[in-house]
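# Observations on chain architecture
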Amino acid sequence: IGLAVSDERGVLDRVNPALCKSLGRRAGHLVGHSLQEFVYPADPSVDGFAALVSGDLTVHESESRYVRGEGTVMWGLRTTVCLQRVGDTAARRYLVQFQDVTERHKIHERLAYAASHDPLTELANRTAFDDHVKNSSARLSACARSGMLFIDLDDFKAVNDTYGHQIGDALLKAVATRIVSTV
């Protein structure tokens, strides 16, 4: 787990080797900078550091994508806490804990895809179809028109029974490829 100590501006003054490894940067590239500088540019800012400094929060936790030193993008879970007690007049220091949660996000994406797509053809399944119809219907005005295409493979059972499921699966994949390329 990556660890760092920052000042009241969020600027890091100490970092451990695990943080350097997670972000793919040497300590000299991290010290003197805020972690917020390494957040993926397209991501919205979820930096709750100001609320920590003001005392509104005692701990702040956020997940964001970060740009590593070599340019790849990873997900990081950042937890920040104040190291001083309330009422202490010394300059406050903040402990930052940083954990790479990229693999968890990849698993979540794969599960979400698997829940909405057919594993053989990779076409959207009934769940995705139902969601799409619901969302599309909600966007349409009362007088708008829409259409739906229903495709049925006549006598497909005969292909499976005559040539086997391997050939039937290959046929389904070929039909799916053609549908995707023309729609």
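Residues numbered from 1 in each chain as written. Predicted model: local features only at pLDDT ≥ 70, side-chain atom pairs only at ≥ 80, totals over all residues. Heavy atoms only, no water.

### A word on helix α6 (residues 156-163)
For an α-helix, 3.6 residues make a turn, and residues three or four places apart therefore share a direction. What counts is decided by this rule: Each residue's exposure class comes from its accessible area (1.4 Å probe, protein chains only) as a fraction of the maximum for that residue type: buried when under 20%, exposed when over 50%, partly exposed otherwise. Here a helix means four or more residues in a row that DSSP labels H or I, a strand means two or more in a row labelled E, and each is numbered from the N terminus. Comment: arc refers to directions from the helix axis out to C-beta atoms.
For α6, the complete set of buried residues consists of F156, V159 and N160. Down the axis of α6, the buried side of the element spans an arc of 95°, and every buried residue falls inside it. When the buried face of α6 is taken as reference, the exposed residues oriented beyond 90 degrees from it are K157, D161 and T162. In the segment just after α6, G164 is the residue with positive phi, at about 100°.

### Quick look at the sheet that holds strand β3 (residues 59-67)
Strand pairing in a sheet relies on backbone hydrogen bonds, with the paired strands running either antiparallel or parallel. To keep it simple, the criterion reads: Here a strand pair is declared whenever DSSP counts at least two bridges between the two strands. Structural elements are reduced to axes, namely lines fitted to C-alpha atoms, with helices fitted over the stretch in contact, and the angle between N-to-C directions of any two is expressed from 0 to 180 degrees.
Sheet architecture is open: five strands sit in the order β2-β1-β5-β4-β3, paired in antiparallel fashion. Two strands bound the open sheet, and with one partner strand each, they are β2 (12-15) and β3. The sheet shows a mean angle of 25° between the axes of neighbouring strands, direction not considered. Two elements, β3 and strand β4 (residues 73-82), share nine bridges in a ladder whose sense is antiparallel. Pairing of V67 across the sheet is with V73, part of β4.

### Quick look at the environment of L19
The cut-off we apply is this: When checking whether two residues touch, look at their non-hydrogen atoms; a contact exists if any pair is within 4.5 Å.
Within the secondary structure, L19 is located in helix α1 (residues 17-23). We classify L19 as buried; its relative accessible area is 1%. When the C-alpha atoms of L19 and G32 are compared, they prove to be 14 Å apart, with 13 residues separating the residues in sequence. Among all residues touching L19, those that are not within four sequence positions of it are G2, L3, A4, L12, L30 and F98.

### Side note on helix α5 (residues 126-139)
How we decide: A helix is expected to span 1.5 Å for every residue after the first. The definition of a polar contact used here is a pair of N or O atoms within 3.5 Å, where within protein one atom must be able to donate a hydrogen and the other to accept one, and adjacent residues in sequence count solely through side-chain atom pairs.
End to end, α5 covers 20 Å across 14 residues, agreeing with the expected 20 Å (1.5 Å per residue, within 8%). Where α5 begins, the capping side chain belongs to N125, and its oxygen is found 3.1 Å from the backbone nitrogen of T127.

### Observations regarding the pattern of salt bridges
Quick note on the threshold: In what follows, salt bridge is the name for a side-chain nitrogen of Lys or Arg lying within 4 Å of a carboxyl oxygen of Asp or Glu.
Counting across every chain of the model gives seven salt bridges. R68 serves as the salt-bridge partner of E70, at 2.8 Å between the closest nitrogen and oxygen.

### So, the side chain of R78
Take R78: it is sitting in strand β4. Within polar-contact distance, the side chain of R78 engages the side chain of Y66 at 3.4 Å.

### Overview of the side chain of T102
Tracing the chain through its elements places T102 in helix α4 (residues 102-116). Within the structure, the side chain of T102 is placed 2.9 Å from the backbone nitrogen of W75, a separation counted as a polar contact. Side chain to side chain, T102 and D100 meet in a polar contact 2.6 Å long.

### Some thoughts on the packing of aromatic side chains
Pairs of aromatic rings are described using the distance from one ring centre to the other and the angle between the two planes. Heads up, the condition is: Under the pairing criterion, centres of Phe, Tyr and Trp rings, with the six-membered ring standing for Trp, must be within 6.5 Å; the plane angle then separates stacked pairs below 30 degrees from edge-to-face pairs above 60, leaving the rest tilted.
Counted according to the given criterion, the structure contains one aromatic pair. On the numbers, 4.9 Å between centres and 80° between planes, the contact of Y66 with F98 is edge-to-face. Separated by 32 residues along the polypeptide, Y66 in strand β3 and F98 in strand β5 (residues 94-100) bring together distant segments of the chain. One exposure class covers both Y66 and F98, and it is buried.

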